[in-house]
Every structure is written in C-alpha cells, then in structure tokens.
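# A structural walkthrough
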Amino acid sequence: HRDRHSFPTRRSSDLDPVHGGFGTGAKFPHAGAMELAFAEHHARGDGTVLEFAEKTLRQMGKGLLDAEEGGLFRYSVTREWSVPHYEKNLDINAACLRNYIDAYRITGKKEYADVAESIIGYMMDTLSDREKGGFYGSQDADIFDEDKQIILMDGEEYYRLPPGERRKHGIPRIDKTIFTNWNA
C-alpha cells in the first residue's frame, strides 16, 4: 500500500517500463517527476523509483542529447526517445541539468556527469548572454530565412550533419528573450 504522497503522482499505467518516461507516444522530459523519484528513493530507499529514473535519464541522454553541440532537444516524437523535435529550450535544459547532476550524485555513474557537462557547455556556449548576463530562452530547430520567411534547412537535416558541415549553413535562430523564471 502506497500513501498518497508516494511516487508516482500519475497513474502507474502511465509509466513506460520499457523506455522510461511516461506514456506510449511522444516523450517529454518530466524533470519534476525525476526529482520526486530521487526524493522518494532518498526518503524510503526505494530502488524501484531510482531504477525508473535512471532508465528514463539514460534513454533521454541517448535520444535527446545533441552529441555534437550539447544540450537536450525539447522532446521526442517517438516512444523510445529516438526522434527528437530539434528545438532546444533553456527551461528543459536547466531542469534536466539538475536531474543529471542528482543522478550522478546518487549513483556515481559518469554517464550522468557527461550529460550534465554537455548541457552546461551548450548553455554557456549558445544560450548565455555574456555581455548582459543571463540565458536566452531557446534555439529554433530549423535554419530560417527571416527576409524570405522560408525554411532553408529543417532541423532533422541540419542536426544530422557533422558540426563543421552544420556551420556552413548557419545556425538555427536563437530567441534572445531572457525569461526571468527560466533564469531563476
């Protein structure tokens, strides 16, 4: 019997035991659920929730991490985290960064530290406003021509290129809005 404050807060049938995360369709990072899983593990020594959180973070790292430029893509359009939606958002990266750091702290597994370092590198290199401080809100998926209002290269095509080839086409637009809540 679980009390009403136990993990998960969603129906158990929502948990994906095969691929981690929630549901059987598109997969979104749920940083708050991972934080709750870590808290449940700490409070009760519940290895089941830690195992679920690790499976989810491993799958996210395989499917959502941009291995070349760093950072996590916004979500996956598939259940197995294999086809990302190529936009990158500050709020997703910042929240998931905490998850990967917590997973490393709890387990000592280097794979979580590696993903955390990748996220930090991306945020510092791409989303950081070094002149005024703070972090920009997001980076689009596609290469877009503002003048002609057309997509020159979609995100899937762009992110499959090696880094040197990517830069020849430009970079997806960065939304330089600095959201106070995402930066906090």
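Predicted, not measured: the structure shown is a model, and the values here were computed from it.

What follows concerns the packing of aromatic side chains. A complete count under the given rule lists eight aromatic pairs for this structure. A ring pair is formed by phenylalanine 73 and tyrosine 159, whose centres lie 4.9 Å apart and whose planes are at 75°; its orientation type is edge-to-face. You can see phenylalanine 73 sitting in the loop between helix 2 (47–64) and strand 1 (75–76) and its partner tyrosine 159 sitting in helix 5 (residues 155–159), a full 86 residues away along the chain. There is no split in this pair, since phenylalanine 73 and tyrosine 159 are both buried.

Bringing the packing of helix 1 (residues 31–44) against helix 2 into the picture now. Between two packed helices, what matters for the description is the angle formed by their axes and the separation of those axes. One way to put it is that helix 1 packs onto helix 2 with a least axis distance of 8 Å and a crossing angle of 150°. It follows from the interaxial angle that helix 1 and helix 2 lie roughly antiparallel. Considering the relative orientation of helix 1 and helix 2, their crossing is left-handed. When helix 1 is examined against helix 2, the residues Met34, Ala37, Phe38, Glu40 and His41 are found in contact with a partner set consisting of Gly47, Val49, Leu50, Phe52, Ala53, Thr56 and Leu57. Residues belonging to the contact of helix 1 with helix 2 are distributed by class as follows: eight nonpolar, three polar and one charged.

Right, let's talk about the packing of helix 3 (residues 90–107) against helix 4 (residues 110–127) for a bit. The N-to-C vectors of helix 3 and helix 4 enclose an angle of 150°; their axes lie 8 Å apart at closest approach. With respect to helix 4, the element helix 3 is oriented roughly antiparallel. Of the two possible hands of crossing, helix 3 and helix 4 adopt the one that is left-handed. Counted together, Leu90, Asn93, Ala94, Cys96, Leu97, Tyr100, Ile101, Ala103, Tyr104 and Thr107 of helix 3 and Lys110, Tyr112, Ala113, Val115, Ala116, Ile119, Ile120, Tyr122, Met123 and Leu127 of helix 4 form the full contact between these two elements. In the contact of helix 3 with helix 4, the residues fall into 17 nonpolar, two polar and one charged.

The next thing to look at is the pattern of salt bridges. Think of it this way: side chains of opposite charge can pair up when their charged atoms draw near. Counted by the stated rule, this structure contains 17 salt bridges. Close ionic contact of arginine 98 with glutamate 35 constitutes a salt bridge, the shortest N to O distance being 3.3 Å. Of this pair, arginine 98 sits in helix 3 while glutamate 35 is found in helix 1, placing the two residues 63 residues apart along the sequence. For arginine 44, the salt bridge is made with glutamate 40, and the minimal N-O distance between the two is 3.0 Å. Placement of both arginine 44 and glutamate 40 in helix 1 is noted, with a separation of four residues, approximately one turn of the helix. For arginine 44, a relative accessible area of 47% puts it in the partly exposed group. Through salt bridges with shared partners, a single network forms among Asp66, Glu69, Lys88 and Arg166.

Each value, and the rule that gives it
Residues numbered from 1 in each chain as written. Predicted model: local features only at pLDDT ≥ 70, side-chain atom pairs only at ≥ 80, totals over all residues. Heavy atoms only, no water. Phe/Tyr/Trp six-rings, centres within 6.5 Å; stacked < 30°, edge-to-face > 60°. Helix = DSSP H or I, 4+ residues; strand = E, 2+ residues; numbered from the N terminus. Buried < 20%, exposed > 50% of the residue type's maximum accessible area, 1.4 Å probe, protein only. Axes fitted to C-alpha atoms, helices over the stretch in contact; angles between N-to-C directions. Parallel < 35°, antiparallel > 145°, perpendicular 65-115°, else oblique. Left-handed = near helix turned anticlockwise from the far one by under 90°. Contact = heavy atoms within 4.5 Å. Nonpolar A, V, L, I, M, F, W, Y, C, P; charged D, E, K, R; others polar. Salt bridge = Lys/Arg side-chain N within 4 Å of Asp/Glu carboxyl O.

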